[in-house]
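Coordinate inspection notes
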Amino acid sequence: MSVRMLRHYDALGLLRPDRVDEHSGYRFYSGGQLARLNRLVALKDLGFTLEQVGQILDDQVSGAELRGMLTLRRAELEQRIAGDRARLVQVETRLRIIEKEGAMPVHDVMIKSIPAVRVAELSAVATDFEPESIGPVIGPLFEDICRRLEKAGVPMIGHGIAYYEEREDGSILAHAAVPVDLDPNDTHDFTVVDLPAIPQAATVVHRGSMNEVLEPWQSLGRWVDENGYRLSGPSREVTLVFTEDPSGWVTELQEPIVPK
């Protein structure tokens, strides 16, 4: 701890010395003040302003209360760091996309027909189609629908399907769906719907985390436009392989298309 900072804390009334030598000006602190100093530094390092730190210290919060506050603050900072990491991934993805502009596409596009399928699903709204907006919405939806199906004793009979519908305000209605053999009724806490068949879909297979899915989606969109097609319905993501490590995920991206 620097002398300058100690003087600053003294001037603000946050940590006054036990005594000051009248000749040398040296500040002396008692052992009992170490606890207040530790709390002061911990709170400041966790992002509290010095004014907030003073209020917390002067309110004589208990050790348990302080631990609770610090734990909450730590969780907020961890969430912010996770968000920054996700944004960094997207920046790197966009840089790769820009670097590859004008180059031949590296993703193998296949046109296929997709059969109709009955699914149990939950849905929620994401602000936009960016991976950092979709991920925090679709992930919990899949966890929730799987818990509800298990509770209801309904087996899953196919791969998970995420599909997306753009709303008038530009936001995205994200659906987390799982194939089931179940008649629709009002007794379940999830919705059972029939996803229609897609006569023609342009598809690519993406291997890796969905944080890196923007590049193959854009590559697929360019292929559709450059080969005389247009989009004709909500896009889908079908999880073919799911592992604890996101780098092992395999996902088929499906764009319904019709000729222009």
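Residues numbered from 1 in each chain as written. Predicted model: local features only at pLDDT ≥ 70, side-chain atom pairs only at ≥ 80, totals over all residues. Heavy atoms only, no water.

Overview of the overall build of the chain
For the chain, the count of helices and strands is six helices and eleven strands. Here the chain holds 260 residues, and the buried ones make up 34% of them. Taking all contacts inside the chain whose residues are at least 6 apart in sequence as the whole, residues at least 24 apart take part in 67%. Accessible area for the chain stands at about 15,900 Å²; split by element, carbon and sulfur atoms hold 53% of it. (Helix = DSSP H or I, 4+ residues; strand = E, 2+ residues; numbered from the N terminus. Buried < 20%, exposed > 50% of the residue type's maximum accessible area, 1.4 Å probe, protein only. Contact = heavy atoms within 4.5 Å. Areas by Shrake-Rupley, 256 points an atom, 1.4 Å probe, with all protein chains shown as cover.)

Focus: a nonpolar patch on the surface
Taken together, the side chains of Val205, Leu240 and Val241 make up a nonpolar region of the molecular surface, amounting to roughly 180 Å² of accessible area. Checked against the element boundaries, leucine 240 lands in strand β10 (residues 236-241). (Patch = residues over 30% accessible without salt bridge, like charges linked within 9 Å, V, L, I, M, F, W, Y side chains within 5 Å. Salt bridge = Lys/Arg side-chain N within 4 Å of Asp/Glu carboxyl O.)

Considerations on the environment of proline 246
Mapped onto the elements of the fold, proline 246 is located in the loop between β10 and β11 (250-259). C-alpha separation for the pair proline 246 and asparagine 211, spaced 35 residues apart in sequence, amounts to 9.1 Å. Setting aside chain neighbours within four positions, we find proline 246 in contact with Gly208 and Ser209.

Digging into the packing of helix α2 (residues 34-45) against helix α3 (residues 50-58)
The axes of two packed helices give the description: the angle between them and the distance between them. Interaxial distance between α2 and α3 falls to 10 Å at its minimum, and their mutual angle equals 140°. Judged by the angle between their axes, α2 and α3 are oblique. Relative to α3, α2 is oriented so that their crossing is right-handed. From α2, Arg36, Arg39, Leu40, Leu43 and Lys44 reach across to α3, where they touch Leu50, Val53, Ile56, Leu57 and Asp58. Classifying every residue of the contact of α2 with α3 by side-chain character gives six nonpolar, no polar and four charged. (Axes fitted to C-alpha atoms, helices over the stretch in contact; angles between N-to-C directions. Parallel < 35°, antiparallel > 145°, perpendicular 65-115°, else oblique. Left-handed = near helix turned anticlockwise from the far one by under 90°. Nonpolar A, V, L, I, M, F, W, Y, C, P; charged D, E, K, R; others polar.)

Considering the packing of aromatic side chains
For the structure shown, the criterion picks out four aromatic pairs. Between phenylalanine 129 and tyrosine 164, the ring centres sit 5.2 Å apart and the planes meet at 75°, which makes this aromatic pair edge-to-face. One end of the pair, phenylalanine 129, is in the loop between β4 (117-126) and α5 (131-152); the other, tyrosine 164, is in strand β5 (residues 161-166), and 35 residues separate them in sequence. Owing to a relative accessible area of 33%, phenylalanine 129 belongs among the partly exposed residues under this scheme. Taken together, Phe129, Tyr164 and Trp217 form an aromatic cluster joined through their ring pairs. (Phe/Tyr/Trp six-rings, centres within 6.5 Å; stacked < 30°, edge-to-face > 60°.)

Section: the nonpolar core
Ranked by internal contacts, the top residues of the largest apolar core, which has 21 residues, are Ile138, Phe142, Ile145, Leu149, Tyr164 and Phe190. For this core, the secondary-structure elements that each account for two or more residues are β4, α5, β5 and β6 (172-179). The element best represented in this core is α5, accounting for seven residues. The next biggest cluster of nonpolar side chains, apart from the first, holds 13 residues, and it includes Leu15, Leu43, Phe48 and Leu66. (Core = buried A, V, L, I, M, F, W, Y, C linked by side-chain atoms within 4.5 Å.)

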